[in-house]
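The residues making up each chain are set out below.
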Amino acid sequence: MQRTHTCGALRASDVGSTVTLTGWVATHRDLGGFRFVDLRDRFGVTQVKFDPADDAALFDASGELRPEWVIAVTGTVVSRGNNANRDMATGDVEVAVTGLEVLNRSVVPKFPIRDELDASEELRLEYRFLDLRRRPIQDRIVKRAEATFSARRLLHEEGFLELETPFLTRSTPEGARDYLVPSRVHPGEFYALPQSPQLFKQLYMVSGYDRYYQIARCFRDEDLRADRQPEFTQIDIEMSFADESAVQALAERLMVRVFADVLDVAIEAPFPRMAWREAMDRFGSDKPDVRFGLELCDVADLVEATEFGVFRSVVAGGGAVRGLRVPGGADRSRKQIDALEAVAKRHGAKGLAWAKVDGEAWTGPIAKFFPDGTRDSFASRMGAESGDLLLFVAADEEQALNALGQVRLALGRDLGLVDASRWAFLWVTDFPLLERDEDEGRWVARHHPFTSPVAEDVPLLESDPGRARARAYDLVLNGFELGGGSVRIHDMGVQEQMFRHLGIGQAEAEEKFGFLLRALHHGAPPHAGIAFGLDRLIMLMTGATSLRDVIAFPKTASASCLLTAAPSPVDDRQLETLHLARAGAAQRED
RNA sequence: GGGGUGGUAGUUAAGUCGGUUAUAACGCCGGCCUGUCACGCCGGAGGCCGCGGGUUCGAGUCCCGUCCACCCCGCCA
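Residues numbered from 1 in each chain as written. Chains lettered and ligands numbered in written order. Predicted model: local features only at pLDDT ≥ 70, side-chain atom pairs only at ≥ 80, totals over all residues. Heavy atoms only, no water.

Student: Just give me the short version of the overall build of chain A, but keep the residues and values in it.
Tutor: Secondary structure summary: chain A contains 17 helices and 22 strands in total. Structurally, chain A occupies a C-alpha span of about 95 × 70 × 55 Å along its principal axes. Looking at the 590 residues of chain A, the share that counts as buried comes to 46%. Accessible surface computed for chain A: about 28,600 Å², of which carbon and sulfur atoms make up 49%. The distance from the centre of the 71 positive side-chain charges to the centre of the 91 negative ones in chain A is 2 Å. (Helix = DSSP H or I, 4+ residues; strand = E, 2+ residues; numbered from the N terminus. Buried < 20%, exposed > 50% of the residue type's maximum accessible area, 1.4 Å probe, protein only. Areas by Shrake-Rupley, 256 points an atom, 1.4 Å probe, with all protein chains shown as cover. Lys, Arg positive; Asp, Glu negative; His and termini not counted. Charge placed at Lys NZ, Arg CZ, Asp CG, Glu CD.)

Student: Would you mind going over the protein's contact with RNA strand B in detail, with residue names and values included?
Tutor: Taken together, the neighbourhood of RNA strand B is formed by 46 residues, with D30, K49, R80, R446 and H447 sitting nearest. A distance of 2.9 Å is found between a phosphate oxygen of RNA strand B and a backbone nitrogen or oxygen belonging to S120. Between RNA strand B and R225, the relevant distance is 2.8 Å, taken from a base nitrogen to a side-chain nitrogen or oxygen of the residue. Of all the secondary structure elements, the ones that give two or more residues to the surface near RNA strand B are β1 (18-30), β2 (35-41), β3 (44-50) and α2 (121-126). Residues belonging to the surface near RNA strand B are distributed by class as follows: 11 nonpolar, 15 polar and 20 charged. (Near = heavy atom within 4 Å. Polar contact = N/O pair within 3.5 Å; in protein donor to acceptor, adjacent residues only side chain to side chain. Nonpolar A, V, L, I, M, F, W, Y, C, P; charged D, E, K, R; others polar.)

Student: Please set out the pattern of salt bridges residue by residue, giving values where relevant.
Tutor: The final tally for this structure, using the stated rule, is 49 salt bridges. Between E121 and R548 there is a salt bridge, and its shortest N-O distance comes to 2.5 Å. One end of the pair, E121, is in helix α2; the other, R548, is in the loop between α15 (534-542) and α16 (572-577), and 427 residues separate them in sequence. In this structure, E238 and K201 form a salt bridge, with 3.3 Å as the shortest nitrogen-oxygen distance. In this pair, E238 is assigned in strand β10 (residues 231-240) and K201 in helix α5 (residues 198-206), connecting sequence segments 37 residues apart. (Salt bridge = Lys/Arg side-chain N within 4 Å of Asp/Glu carboxyl O.)

Student: Talk me through the sheet that holds strand β22 (residues 527-533); I want residue IDs and the actual numbers.
Tutor: If you walk across this open sheet you meet the 8 strands as β6-β9-β10-β22-β21-β20-β17-β11, and the pairing is mixed. The sheet is open, and its two borders are formed by β6 (161-162) and β11 (273-275), each paired with just one other strand. Both strand β17 (residues 425-429) and strand β20 (residues 472-477) contribute to a ladder of 5 bridges, which runs antiparallel. Note on β20: the bridge partner recorded for V428 is D474. Together, β10, β11, β17, β20, β21 (480-487) and β22 form the strand contacts of helix α6 (residues 244-263), whose direction differs from that of β22 by roughly 30 degrees. Running over the sheet, helix α7 (residues 276-283) touches β11 and β17 and is turned about 85 degrees from β11. (Pairing = 2+ DSSP bridges. Contact = heavy atoms within 4.5 Å. Axes fitted to C-alpha atoms, helices over the stretch in contact; angles between N-to-C directions.)

Student: Lay out a negative patch on the surface in plain terms, naming residues and giving numbers.
Tutor: Among the surface-exposed residues, D115, E116, D118 and D139 lie close enough to one another that they form a single negatively charged patch. Residue placement: D115 occurs in the loop between β5 (93-104) and α2. (Patch = residues over 30% accessible without salt bridge, like charges linked within 9 Å, V, L, I, M, F, W, Y side chains within 5 Å.)

Student: Please give an account of a nonpolar patch on the surface that cites residues and values.
Tutor: Taken together, the side chains of F129, F553 and L563 make up a nonpolar region of the molecular surface, amounting to roughly 280 Å² of accessible area. The exposure class assigned to L563 is partly exposed, which follows from its relative accessible area of 31%.

Student: Break down the environment of E508 for me, with residues and values.
Tutor: Within the secondary structure, E508 is located in helix α14 (residues 506-521). Spatially, the C-alpha atom of E508 lies 29 Å from that of D210, the residues being 298 residues apart in sequence. Non-local contacts of E508, meaning those with residues more than four positions away in its chain, are made with P173, G503 and F513.

Student: Residue-level account of the nonpolar core, with values.
Tutor: Of all hydrophobic cores here, the largest spans 57 residues; its most connected members are L324, L352, L391, V393, V407 and L411. Ranked by the residues each element gives to this core, the list is headed by helix α11 (residues 397-414), at 7 residues. Leave out the neighbours within four places in its chain, and L391 touches R322, G323, L324, V326, L340, L352, A353, W354, M382, V407 and L411. In terms of nonpolar packing, the next biggest core, distinct from the first, is built from 41 residues, A242, V262, L537 and L547 among them. (Core = buried A, V, L, I, M, F, W, Y, C linked by side-chain atoms within 4.5 Å.)

Student: Explain the pairing of strand β4 (residues 70-79) to me, using residue names and the numbers behind them.
Tutor: Relative to β4, β1 is paired through 7 bridges, and the arrangement is antiparallel. Within β4, the residue paired with T22 across the bridge is A72.

Student: Could you give me a rundown of the sheet that holds strand β15 (residues 361-363), with the residues and numbers involved?
Tutor: Taken in spatial order, the 5 strands make up an open sheet running β12-β13-β16-β14-β15, and their pairing is antiparallel. Taken across any chain shown, the strands that pair with only one partner, and hence form the sheet edges, are β12 (296-298) and β15. The sheet shows a mean angle of 30 degrees between the axes of neighbouring strands, direction not considered. Of the pairings in the sheet, the one linking strand β14 (residues 353-358) to β15 comprises 3 bridges and is antiparallel in character. Counted as the bridge partner of K356 is T363 from β15.

Here you go:
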């Protein structure tokens, strides 16, 4: 039986027509005299009715139907009259069944296929094929497909080519841990799965394919989070003869198009720009959620006048003291403030100092260290008024900003300051090019080693590498890093200089990146690009709180797939073929 | 690598100070029911209390270890 309509299609205007529907038995209601079945497919649900007055044999046969059986029914569309269900799109009608075919039976499912969550996530992941039948998950997966289609359409219109890059590629020293693939043909050698198609898309530019994009799978063997999966998808873009403004403008058109197509939401572009330094100083984050205020404040220069030894010694040691004013926050309980301190400590602060402003006076544990005449300077700097709560973190600058930035986010949530209906896009620009890796005692690229320095900062590479800025930009949405990119180095000499500053010697550079350096020797055009985290984008667009909810077959927090039970042991013959031997503890298993 | 939370019928959960037969709801099976829509009513079956060890006269409960899931820190250019 071929279906004539989907289960979401029938309306009052179809009354009288003969139709065939196919789908899954969502529920069956046996009233004795007749039976209703809700038939479900991905388009909706339609009620079908078995009535012995219509066909006694068919009525008997319908008695064995159970949830998740796959059936086809033929019948007449009839009006439900006064019994219409206003909660269903198809609720005005039902199908009076005259023909039933059981296409497949189902065992009793481990959990019911309902919109409301009734099963643990562990079970849902093990029976993912059932979970994916549920409407809320299905909506997100469908929106994901719509978003990629929308992106492809726009990029195609703008003259971009969708080009592929290899999955089996070379391990490179910088960045995240690689997933390795042993070579059978080359004993002891390994491919790496790409952390991103970065180098290949640059090579495409050198080859003259001047507008590239790819919906690219990327792999990083690092520990997981709710917003981090070991394999994830990027909308990856590269453009020749383009600078940051061209890439950003394209990215804005892309976001505007995708939000319009998928959510029917009009995003305003251009998006605001903010320098990294400003983002850190004002919000304590390089991906600030700018949907609410509660900005940070530098008070280091004011502490010398106080008697607070903790602050004074931190400042004397070259550290920072940052403050955060919570308007009307004096009503926060001790327990609530303790919870904020726990947030600060978790993110690297030694503690969270606080005072409540009561007219001219302060109350709280640190109040006694701020004698008359010292409080005014803080109050005016922070804009404090009576009834406010003042919070302070003293630490080295990076820790102080990060800890207080996290306290700010916690407060934003607790105080309900976040307008969930807003889409607050923001470009963060002027990132530092390099950052110090104290463990290895060297400078490392903050973005990646192919990011161009700001031209006027090139001399700083010699004199003060930490102050050199990158021609890099991140796109931030509601406090999440949605994407990032940069203008690339297309000059061989600058690239070699970068490698030198990163402690990558000429021989190593030649061995690891020789192909890129050779390419840059052969007429590399200026080029720039960006990559968006598709999974995160869909997560934000659908209001999901975990990447697992927008990936059809995700991994658990320990990078396992509960559906397939991957990863799994392999037998010794497979290992031999790959010239691998078990080591240590793994040797004793199976 | 570290910290936190959880694991008890098919599922979701309750289980007191360690006590005798481990509860409930939903689901499942059987019966009844002609307007339900998470139909309703009556009855029934269903347990390796994650796993291993220990303490105890006695452990779902206390202790140690371990596995799995989730959240966070480190890590993730």
